[in-house]
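As a plain string of letters, each chain reads:
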Amino acid sequence: VERAPDGRIEVRVEPAPKPEAEEVVRAVLTRVGELEFRPVAPGDDLASPEDLDELPQRGQAETLRVLRPRSEDEPFTGRDLARVFQSKDMFGYPAIGFELAPERREAFGRFTGALVGERVAVVIDGVVYVAPSISEPLYGQSQIAGGAEGLAGGEVLELVTALRSAPLLSLIHI
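Residues numbered from 1 in each chain as written. Predicted model: local features only at pLDDT ≥ 70, side-chain atom pairs only at ≥ 80, totals over all residues. Heavy atoms only, no water.

### Observations concerning the side chain of Thr77
Step number 1: Positionally, Thr77 belongs in strand β6 (residues 76-77).
Step number 2: Aside from chain neighbours lying at most four places away, what touches Thr77 is Leu35 and Glu36. (Helix = DSSP H or I, 4+ residues; strand = E, 2+ residues; numbered from the N terminus. Contact = heavy atoms within 4.5 Å.)

Here it is, written out as structure tokens:
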């Protein structure tokens with residue numbers, strides 16, 4: 001790994017991968033975890049279809065209806081995070097810890113404050129990983145936890161790595 005003259009990061013894999021493995025190496029090195037926090041649609045069917053997305057849920061056959069962004073403060077994405085790290089939930093299960101960028105904390109607190117008692121989908125790469133109920137406004141540091149049936153340690157590491165890599169993708173040249 002070295003910086004190229006044009007400022008990008010150059011990655012050389014030695015020995016050179018076989019042609020059939022090259023795409024796998026490229027996919028792993030350039031995977032970007034796209035994270036979004038999206039309100040779960042109320043079950044009363046009052047939302048219009050153009051305000052909704054049906055997203056797959058990790059490990060489940062049925063989809064979950066989530067609302068599309070409603071204000072210029074939304075959506076909240078991985079770009080709004082100052083830090084992403086491996087963590088444990090209050091029961092010791094693997095979790096993804098995150099800290100919001102200082103300039104987005106107030107807006108995220110308003111967003112989650114308006115949703116107290118409702119569910120927010122944590123969407124990673126277009127898949128709903130968890131959709132917890134919000135019990136209080138979130139202003140700074142929190143976590144994405146799946147509980148006993150939730151995230152495996154290896155999955156947490158993979159997702160943390162992918163979420164951290166999002167800002168770097170434009171700099172990578174393989």
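### A few points about the pairing of strand β9 (residues 120-124)
Step number 1: With respect to burial, β9 is a largely interior element, 5 of its 5 residues being buried.
Step number 2: Taking every second residue as pointing to the same face, both faces of β9 are buried, with Val120, Val122 and Ile124 on one and Ala121 and Val123 on the other.
Step number 3: As defined by bridge partners, strand β3 (residues 35-39) adjoins β9 across 5 bridges and the pair is classed as antiparallel. In the sheet register, Glu36 faces β9, and the bridge partner there is Val123. (Buried < 20%, exposed > 50% of the residue type's maximum accessible area, 1.4 Å probe, protein only. Pairing = 2+ DSSP bridges.)

### Description of the sheet that holds strand β8 (residues 94-100)
Step number 1: Spatially, the 3 strands line up as an open sheet ordered β7-β8-β11, and their pairing is antiparallel. Whereas interior strands pair on both sides, the edge strands pair on one side only; in this sheet they are β7 (81-88) and β11 (141-145). Taking the axes of each pair of neighbouring strands and ignoring which way they run, one obtains an average angle of 25° across the sheet.
Step number 2: For β7 and β8, the ladder comprises 7 bridges, and the chain directions are antiparallel. Following the sheet pairing, Ser87 is matched in β8 by Ala95. (Axes fitted to C-alpha atoms, helices over the stretch in contact; angles between N-to-C directions.)

### Focus: the pattern of salt bridges
Step number 1: Counting across every chain of the model gives 6 salt bridges.
Step number 2: Here Glu36 and Arg38 are joined by a salt bridge, their closest N and O atoms 3.4 Å apart.
Step number 3: On the accessibility criterion, Arg38 (5% relative accessible area) is buried.
Step number 4: Residue Arg83 is joined to Glu99 by a salt bridge in which the shortest nitrogen-to-oxygen separation is 3.1 Å. With Arg83 in strand β7 and Glu99 in strand β8, the pair connects residues that are 16 residues apart, well separated along the chain. (Salt bridge = Lys/Arg side-chain N within 4 Å of Asp/Glu carboxyl O.)

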